[in-house]
Amino acid sequence: MNSLQNKVAVITGANSGIGLATAKLFLAQGAKVVLSGRRAEALQEVAKELQGEFITVTADVANAADNKKLIDQTVNKYGKIDILFLNAGVAPPTPLSDVTEDHYNYIFDINVKGPILAVKEALPHINDGGTIIFTNSIVTQRGFENLGIYSASKGALRAYQRVLTAEVKSRGIRVNSIAPGPIDTPIYSKMGLPEEVVEEMGKGFAQQVPLGRFGTSEEIANTALFLASDKASFINGIELEVDGGLSQI
Ligand SMILES: NC(=O)c1ccc[n+]([C@@H]2O[C@H](COP(=O)([O-])OP(=O)(O)OC[C@H]3O[C@@H](n4cnc5c(N)ncnc54)[C@H](OP(=O)(O)O)[C@@H]3O)[C@@H](O)[C@H]2O)c1
């Protein structure tokens, strides 16, 4: 099964969690993959375990010049882009009464400005009939305490995606998003919370999921593969919840 044979895929946040699982799956399906992340050493580390045709590009998505660099290096190496998976994101929590300008800017620069600038740089190089996939979140559908700015950032991204879907229609580019529920990735250990708090938070999330557990990065990667493949050829503009039913009850 090589459903992405000769396709060129760019993945942000590819050194960890959902992005890394997707990079591995896309490589296994024959894609040429550009793995991007903000930490060179983390990319070097994961590169050791990868098989297939890929390059790594160190790029901070919050930085305009780095988004240009990511696309420039992709085009220099592979000449075109078929799949743009804008997945990098952060979710540091804070009560709304404690929000600071720095907190807001940090989250919005990465979760909103980053993908918007990456799309701008990539559009001239995406093949007609190509596809753009975003990682959103079900936090836009349900209110989870302390995730106010994160939720707002993903909501902004969702609104942007609808306009993007309209603006690329003449080129046959499909724009879709995945909205994961709680997925077992390192994002929780990066929230700046004590380990026991993270553990309790995890149990709380899992109890709310109708299927009673966290999802895996591989389950999101499988969804990204489906949306990127020809099997999803008439799926466009949607947000697909992959959350064990959490958003629906
Ligand atoms: N896990 C969940 O429960 C869940 C639920 C809903 C949505 N999501 C979304 O899923 C996406 C992937 O998250 P994940 O759960 O796989 O977490 P993760 O393992 O922490 O992966 C996030 C990736 O984004 C990268 N990143 C963060 N800031 C960046 C920046 N400024 N420039 C470039 N890369 C940056 C991270 O790099 P570092 O390793 O350097 O931090 C990491 O590679 C995010 O958009 C997140 O909001 C996750």
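Residues numbered from 1 in each chain as written. Predicted model: local features only at pLDDT ≥ 70, side-chain atom pairs only at ≥ 80, totals over all residues. Heavy atoms only, no water.

Engineer: Tell me about the site of the ligand, residues and numbers included.
Structural biologist: Surrounding the ligand, one finds 29 residues, the nearest of these being Ser 16, Arg 39, Tyr 150, Thr 185 and Tyr 188. Within the side chain of Asn 15, one N or O atom sits 2.9 Å away from an oxygen atom of the ligand. Separating an oxygen atom of the ligand from a backbone N or O atom of Ile 18 is a distance of 2.8 Å. Notes on the ligand: free accessible area 880 Å², of which the protein chains cover 97%. (Near = heavy atom within 4 Å. Polar contact = N/O pair within 3.5 Å; in protein donor to acceptor, adjacent residues only side chain to side chain. Areas by Shrake-Rupley, 256 points an atom, 1.4 Å probe, with all protein chains shown as cover.)

Engineer: Summarise the pattern of salt bridges; cite the residues concerned and give the values.
Structural biologist: Taken as a whole, this structure holds eight salt bridges when the rule is applied. Its salt-bridge partner being Glu 49, residue Lys 24 comes within 2.8 Å of it at the nearest N-O pair. With Lys 24 in helix α1 (residues 17-28) and Glu 49 in the loop between α2 (40-47) and β3 (54-58), this residue pair connects regions lying 25 residues apart in the sequence. Residue class for Lys 24 comes out partly exposed when judged on its relative accessible area of 36%. For Glu 49, a relative accessible area of 46% corresponds to the partly exposed category. Between Glu 45 and Lys 48 there is a salt bridge, with its nearest N and O atoms 3.2 Å apart. (Salt bridge = Lys/Arg side-chain N within 4 Å of Asp/Glu carboxyl O. Helix = DSSP H or I, 4+ residues; strand = E, 2+ residues; numbered from the N terminus. Buried < 20%, exposed > 50% of the residue type's maximum accessible area, 1.4 Å probe, protein only.)

Engineer: Lay out the pairing of strand β1 (residues 8-12) in plain terms, naming residues and giving numbers.
Structural biologist: Most of β1 is tucked away, with five of its five residues classed as buried. Here β1 shows a buried face lined by Val 8, Val 10 and Thr 12 and a second buried face lined by Ala 9 and Ile 11. When β1 meets strand β4 (residues 81-86), the two strands line up parallel, connected through three bridges. Pairing of Ala 9 across the sheet is with Ile 83, part of β4. (Pairing = 2+ DSSP bridges.)

Engineer: Can you lay out the UniProt feature "domain: Ketoreductase" (unreviewed entry) in the chain for me, pointing to particular residues and giving the numbers?
Structural biologist: UniProt feature "domain: Ketoreductase" (unreviewed entry): in the numbering of this structure it lies at residues 7-186. A helix fraction of 43% and a strand fraction of 22% characterise residues 7-186, whose end C-alpha atoms lie 28 Å from each other. (UniProt positions renumbered as here; feature names shortened; annotations may be inferred.)

Engineer: Please give an account of the sheet that holds strand β6 (residues 174-180) that cites residues and values.
Structural biologist: If you walk across this open sheet you meet the seven strands as β3-β2-β1-β4-β5-β6-β7, and the pairing is parallel. The strands lining the two open edges of the sheet, one partner per strand, are β3 and β7 (239-242). The mean inter-strand angle of the sheet, taken between neighbouring strand axes irrespective of direction, is 20°. Alignment of β1 against strand β2 (residues 32-37), held across five bridges, turns out to be parallel. Residue pairing for β2: Thr 12 is matched across the bridge by Ser 36. Strands in contact with α2 are β2 and β3; relative to β3, the strand with the most contacts, it is inclined by about 165°. Packing of helix α3 (residues 64-78) onto the sheet brings it into contact with β1, β2, β3 and β4, and relative to β3 it is tilted by some 155°. (Axes fitted to C-alpha atoms, helices over the stretch in contact; angles between N-to-C directions. Contact = heavy atoms within 4.5 Å.)

Engineer: So what's going on with the side chain of Asp 82? Residues and values would help.
Structural biologist: With respect to the helices and strands, the residue Asp 82 is situated in strand β4. A polar contact of 2.8 Å, which involves the side chain of Asp 82, links it to the backbone nitrogen of Val 8.

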